[in-house]
Amino acid sequence: MLGHASGTMGFPLRLLARENYDRAVAIKGVGAVALVTGEEKIIPPRAAYFICTVESMPIDRDVAFLAVDEIQLAADRERGHVFTDRLLNSRGRVETMFLGSETVRPLIRRLVPNAKFVTRPRFSKLTYSGPKKLTRLPRRSAVVAFSVSEVYGIADLIRRQRGGAAVVMGALSPRARNAQVALYQSGEVDYLVATDAIGMGLNMDVDHVAFASLSKFDGRAPRALTAPELAQIAGRAGRHMNDGTFGVTAEASALDPEVVARIESHEFQSAKTLYWRNSDLQYATVQSLVAGLQKPPPGPGLMRPSTPDDQVILEILANEPDVQERAKGSHRVRLLWDVTQVPDFRKLKPDNHARLLSQVYMHLSDVNERIPEDWVAEHVSRIDRADGDIHALMDRIAAIRTWTYLANRPRWVENAGYWQDQTRVVEDRLSDSLHDKLTEQFIDRRIAHLVKKLKGTDRMVAAVDEAGRVEVDGHFIGKLNGLLFEPDKTGLKAADRTIENAADSALVPELERRARLQIDAKDDAFSLDDSACVVWQGAVVATLTAGPRPLSPKVLLKADDRLDRALCDQLAVRHQAWVDAHIKKLLGPLIQAEAAPLKGAARGLAFQVSEALGTVDRKEAEAQVRVLTDEDRKTLAGYRIRFGLNFIYVPDVLKADPVRLRALLWTVSTAPDSVPTLPPAGRVSFPTEEGAPAAYYRASGFHTVKGMAYRVDMIERFSAEVRRLLREGIKILPPANLSPLGIGAENAVTLLVALGYVSSVTEEGIAIAIKRKPKRHKAPKAKPKSSNKAADIEKKKPRPRKPAEKPIDPDSPFAVLKDLVKS
């Protein structure tokens, strides 16, 4: 075309027209090229070349060159009559060219006898590859389905398995469709899910086309796809010199071998008829217009379509009284026919579409002969909303296209230029929102990128920030907590597996770096948390497990399986060394006592204290204590072991840090069903936790009495205070004078009872005394029989009873004390 002085080209799609307009402008300049479609008109004053949709071609324009693309659509039931009209009636002054399939060659030869045919064979080979599961499709595949729900279902499956797919449907606006195709063409995704809209007007780098179905609903009823239709779509695979393949998904029925052979050899049955409708219409009356539309074809090979949409709308409007009143005279009848040409972009029922067009006609046939601007503004404002789901956005795009079409009709809308721009802006805004929604729903950019990189040879770059967030090529995949990778779970097995695989390729260097830092770290780089885990730089790197003795726990390394086994062994040795040193630092006296060169009872007692983590009830070790020599006691004192009235303990391990460590070691060695809360740091008494075993508090250096835990050295100090009072002759403690014991009246009474210092409760207070240990039982010696019967009778007389205790006033504080002691 551009080799001629002027020209017009008709394309089957607005999308194709816009694409070729841009190409022509790039060569000839914006002032030389016009774009004419139903919804867009760019006509420079001196335009020589017109790029149009077939329906919008200015057929009365005199041009040197004229062409129509995809002329085989003359056999299409809905639009074929337009293509046939161009074939029969449109000519360029110098050259006319029709481009299309071989299937219409015989009919064109008959209808245009002087036509010259030039064949351009396909350079690439198209081969059938059989059925494949959706999850097994090769990269750069297009999956074709014929319903919106099927397209969505397939796209969602590919998103979960491969990271995502671009979506192309006929209902998308050109802008949204181009944006989706760009995702595919740029390689951001390797899969495309589409309707048969990809069969025409989209040039993409597709290697394989898979049919998810072999039938479609054509607007009237479901029908099987013809071999030429299948070939048109399958032909998207392979471009120029690159071979392509086609097949079906596992869910679709197999292709007939004969159909496969035709597609591979590009040999199809010729079209038997082309659709034709009279274009030489008479507009004197509505009846003459309808009669012209019903005129039979002029010859064989042509067939009149069964009532096209515009003719259906015409018949509906012609029966409306208001329209009948206005549609008089050729001008008004021609206007009515032009109004019926407004496409039903929304795919409504004819009655609904006719209702809108009736209002349009009434405005155009009114005095002003224009569609009022406020009426246009009201409708456009209702459409101009970018919220809602994919369906809502597609419905609004279809609706705005109607108003774009109306605004682009010559002299139909007041302030037409403004509304052409405004409706285009609204459509672009809706299209961008639709593209975003489609991308958000059907593409996981992270998974798509990782899948591609994993199948390639490029090395992925992993970055870990200070918080441990792991990114691979800028995509977040999880968190590195110490030496453990915590993947960002998606809930989808395939996607999670992809993240794990990406971690395999990218995390090993960082894991090795962290491992070496720990191996070389000083002891102050590590700590123990409240769960008995080794912590490094705020992250758990190991945990303590039960060892042969409470003071010798084992260390279990918490490291990712990706870390080299030799480094894991070195780490385990380093962590064990730190734990041993940490225990020795805080519980050194216990370690020393356990290893001391002692013998006999002293050795056994030292071992018992160490095994008990520093505190032994004296009653439990009394047998060993009795046989200790003074030298043994002196030696044990050198190892910081103290003998109290109630406990044998090591004062040095009763400070806050040793107490915490003792509690952790007991928990590790016994592994209780529920782990009690650690003792509060620095406290000498505190309420116990319900259900916590007394052994836990004992191992921590505390003794439990009535829901309270008391540190054992404080109990020894308490006992010493009671004995001091007794030595000073104080044997009765008034209820208001228990404060010298330093722990409150109620706790003091509780401890006095528990330790056996309460003898009775009187009006004066609590009587305290040292509870004497019972003497060892000896068998009584046999006594000789007495000869003094009188003395014997005297001995057998009952002794007088002690007088009963004076009852205590129940309202007095002493009664409360007595009840407390009894409880």
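Residues numbered from 1 in each chain as written. Predicted model: local features only at pLDDT ≥ 70, side-chain atom pairs only at ≥ 80, totals over all residues. Heavy atoms only, no water.

(A) Examining the overall build of the chain more closely. Looking only at helices and strands, the chain features 29 helices and 33 strands. Sorting the 823 residues of the chain into buried and exposed places 46% on the buried side. Looking at the chain alone, contacts between residues at least 24 apart form 65% of all its contacts between residues at least 6 apart. (Helix = DSSP H or I, 4+ residues; strand = E, 2+ residues; numbered from the N terminus. Buried < 20%, exposed > 50% of the residue type's maximum accessible area, 1.4 Å probe, protein only. Contact = heavy atoms within 4.5 Å.)

(B) Here's a closer look at the pairing of strand 30 (residues 708-711). Here strand 30 shows a buried face lined by Met708 and Tyr710 and a second buried face lined by Ala709 and Arg711. One ladder, built from 4 bridges, connects strand 29 (residues 702-705) with strand 30; its direction is antiparallel. Pairing of Thr704 across the sheet is with Ala709, part of strand 30. The hairpin turn running from strand 29 into strand 30, its antiparallel successor, is 2 residues long, and Lys706 in that turn takes a positive phi close to 50 degrees. (Pairing = 2+ DSSP bridges.)

(C) Representation of the pairing of strand 23 (residues 539-545). Counting buried residues along strand 23, 5 of its 7 residues qualify, which places the element largely inside the surrounding structure. Strand direction decides the pairing type here: strand 22 (residues 533-536) and strand 23, joined by 4 bridges, are antiparallel. Paired with Val535 across the strands is Val540, a residue of strand 23. Pairing between strand 23 and strand 24 (residues 554-557): 4 bridges, direction antiparallel. Along strand 24, the bridge assignment pairs Leu544 with Val555.

(D) Inspection of helix 9 (residues 309-318) at higher detail. Those residues of helix 9 that fall on the buried side of the exposure criterion are Asp310, Gln311, Ile313, Leu314, Leu317 and Ala318. With its buried residues spanning 160 degrees around the axis, helix 9 presents them on a single face. Of the surrounding secondary structure, the elements contacted by the buried residues of helix 9 are helix 8 (286-293), helix 10 (321-326), helix 11 (330-340) and helix 12 (350-364). (Arc of directions from axis to C-beta.)

(E) How the structure looks around the sheet that holds strand 25 (residues 615-617). One open sheet accounts for 3 strands, arranged 25-27-26; its pairing is antiparallel. The open sheet terminates on both sides in strands that have one partner only, identified here as strand 25 and strand 26 (642-643). Lying over the sheet, helix 21 (residues 600-611) contacts strand 25, strand 26 and strand 27 (647-649), oriented at roughly 115 degrees with respect to strand 25. Those strands touched by helix 26 (residues 712-727) are strand 25 and strand 27, and its axis lies near 130 degrees from that of strand 27. (Axes fitted to C-alpha atoms, helices over the stretch in contact; angles between N-to-C directions.)

(F) Looking closely at the pattern of salt bridges. Applying the stated rule across the entire model yields 41 salt bridges. Between Asp156 and Arg160 there is a salt bridge; the shortest N-O distance is 3.2 Å. A residue pair is termed a helical-turn pair when its members lie 3 or 4 positions apart in one helix, as Asp156 and Arg160 do in helix 4 (residues 148-162) at 4 residues. Given the relative accessible area of 27%, Arg160 is considered partly exposed. As a salt-bridge pair, Arg562 and Asp560 come within 2.6 Å of each other at their nearest N and O atoms. A relative accessible area of 9% places Asp560 in the buried class. Each of Arg18, Asp22, Glu40, Asp421 and Arg424 takes part in a single network of salt bridges with overlapping partners. (Salt bridge = Lys/Arg side-chain N within 4 Å of Asp/Glu carboxyl O.)

(G) Structural view of the environment of Gly164. Take Gly164: it is sitting in the loop between helix 4 and strand 9 (166-168). Residue Gly164 is classed as buried on the basis of its relative accessible area, which comes to 2%. Remark: the alpha-carbon pair of Gly164 and Asp444, spanning 280 residues in sequence, is separated by 5.6 Å. For Gly164, the contacting residues outside a window of four places in its chain are Ile158, Arg159, Val189, Tyr191, Phe442, Ile443 and Asp444.

(H) Spatial organisation of the packing of helix 6 (residues 227-234) against helix 7 (residues 257-265). Remark: helix 6 packs on helix 7, axes separated minimally by 10 Å, with the N-to-C direction vectors making an angle of 50 degrees. The angle between the axes of helix 6 and helix 7 places the two elements in the oblique class. Like other packed secondary-structure pairs, helix 6 and helix 7 cross with a definite hand, here right-handed. When helix 6 is examined against helix 7, the residues Ala227, Leu230, Ala231 and Ala234 are found in contact with a partner set consisting of Val259, Arg262 and Ile263. Among the residues making up the contact of helix 6 with helix 7, the classes are represented as 6 nonpolar, no polar and 1 charged. (Parallel < 35°, antiparallel > 145°, perpendicular 65-115°, else oblique. Left-handed = near helix turned anticlockwise from the far one by under 90°. Nonpolar A, V, L, I, M, F, W, Y, C, P; charged D, E, K, R; others polar.)

(I) Summary view of the side chain of Arg711. Residue position: Arg711 is located in strand 30. Once residues within four sequence positions are removed from consideration, Arg711 is found in contact with Leu654, Val684, Gly701 and Phe702.

(J) Representation of the side chain of Asn646 in the model. Examined against the element boundaries, Asn646 turns out to sit in the loop between strand 26 and strand 27. By relative accessible area, Asn646 is classed as buried at 16%.

(K) Local environment of the confidence of the model for the chain. For the chain, the average pLDDT comes to 86, and 89% of its residues sit at 70 or higher. In the model of the chain, helix 29 (residues 813-822) stands out as the element of lowest mean pLDDT, 48, in contrast to strand 5 (residues 65-68), which has the highest, 98. Within the model, the stretch residues 773-780 combines pLDDT values under 50 with 2 contacts to residues more than four positions away or in other chains. Note that pLDDT drops below 50 for residues 802-818; the model gives that stretch 21 contacts with residues more than four away or on any other chain. (pLDDT = per-residue confidence, 0-100.)

(L) Region of the structure containing unusual backbone geometry. One non-glycine residue, Glu369, adopts positive backbone phi at about 55 degrees. Relative to the assigned elements, Glu369 resides in the loop between helix 12 and helix 13 (373-383). Phi is positive for Ala532, which is not a glycine, with a value near 65 degrees. Assignment of secondary structure puts Ala532 in the loop between strand 21 (526-528) and strand 22.

(M) A look at the environment of Pro296. Residue position: Pro296 is located in the loop between helix 8 and strand 16 (302-303). Among the residues examined, Pro296 registers a relative accessible area of 55% and is labelled exposed. Along the chain, Pro296 and Arg277 lie 19 residues apart, while their C-alpha atoms are 7.9 Å from each other.

(N) View of the sheet that holds strand 10 (residues 191-194). Pairing in this open sheet of 6 strands is parallel, and the strands run 7-14-11-8-10-9 from one edge to the other. Looking at the sheet topology across the chains shown, the edges are occupied by strand 7 (126-132) and strand 9. Between one strand and the next, the sheet's axes are offset by a mean angle of 25 degrees, whatever the strand orientation. Where strand 8 (residues 141-144) and strand 10 come together, 4 bridges link them in parallel fashion. If you follow Val143 over to strand 10, its bridge partner there is Val193. Relative to the sheet, helix 4 contacts strand 8, strand 9 and strand 10, its axis offset from that of strand 10 by approximately 165 degrees. Taken strand by strand, helix 6 contacts strand 7, strand 8, strand 11 (208-211) and strand 14 (244-249), and its axis lies near 140 degrees from that of strand 11.

(O) Just the packing of aromatic side chains, in detail. Applying the stated criterion across every chain yields a total of 10 aromatic pairs. In this arrangement the basic side chain of Arg140 is found over the ring face of Tyr184, its NZ or CZ atom lying 3.8 Å from the centre. Lying across the ring of Phe643, Arg633 places its NZ or CZ 5.1 Å from the centre. (Phe/Tyr/Trp six-rings, centres within 6.5 Å; stacked < 30°, edge-to-face > 60°. Lys NZ or Arg CZ within 6 Å of the ring centre and 35° of its normal.)

(P) Helix 7, seen in detail. When we look at burial in helix 7, the residues that qualify are Val259, Val260 and Ile263. Each buried residue of helix 7 sits inside an arc of 100 degrees when the element is viewed along its axis, so together they form one side. Buried residues along helix 7 sit against strand 7, helix 6 and strand 14. In this structure Asp256 caps helix 7, since a side-chain oxygen of it lies 2.8 Å from the backbone nitrogen of Glu258. One or two steps after helix 7, the chain reaches His266, where phi turns positive at roughly 60 degrees. (Polar contact = N/O pair within 3.5 Å; in protein donor to acceptor, adjacent residues only side chain to side chain.)

(Q) Quick peek at the packing of helix 5 (residues 174-185) against helix 15 (residues 416-442). Where helix 5 meets helix 15, the axes come as close as 8 Å, and the angle between the chain directions of the two elements is 35 degrees. As for the relative orientation of helix 5 and helix 15, their crossing is right-handed in sense. In this structure, helix 5 contributes Pro174, Arg175, Ala176, Ala179, Gln180 and Leu183 to the contact, and helix 15 contributes Glu427, Asp428, Ser431, Asp432, Leu434, His435, Leu438 and Thr439. In terms of residue class, the contact of helix 5 with helix 15 is made up of 6 nonpolar, 4 polar and 4 charged.

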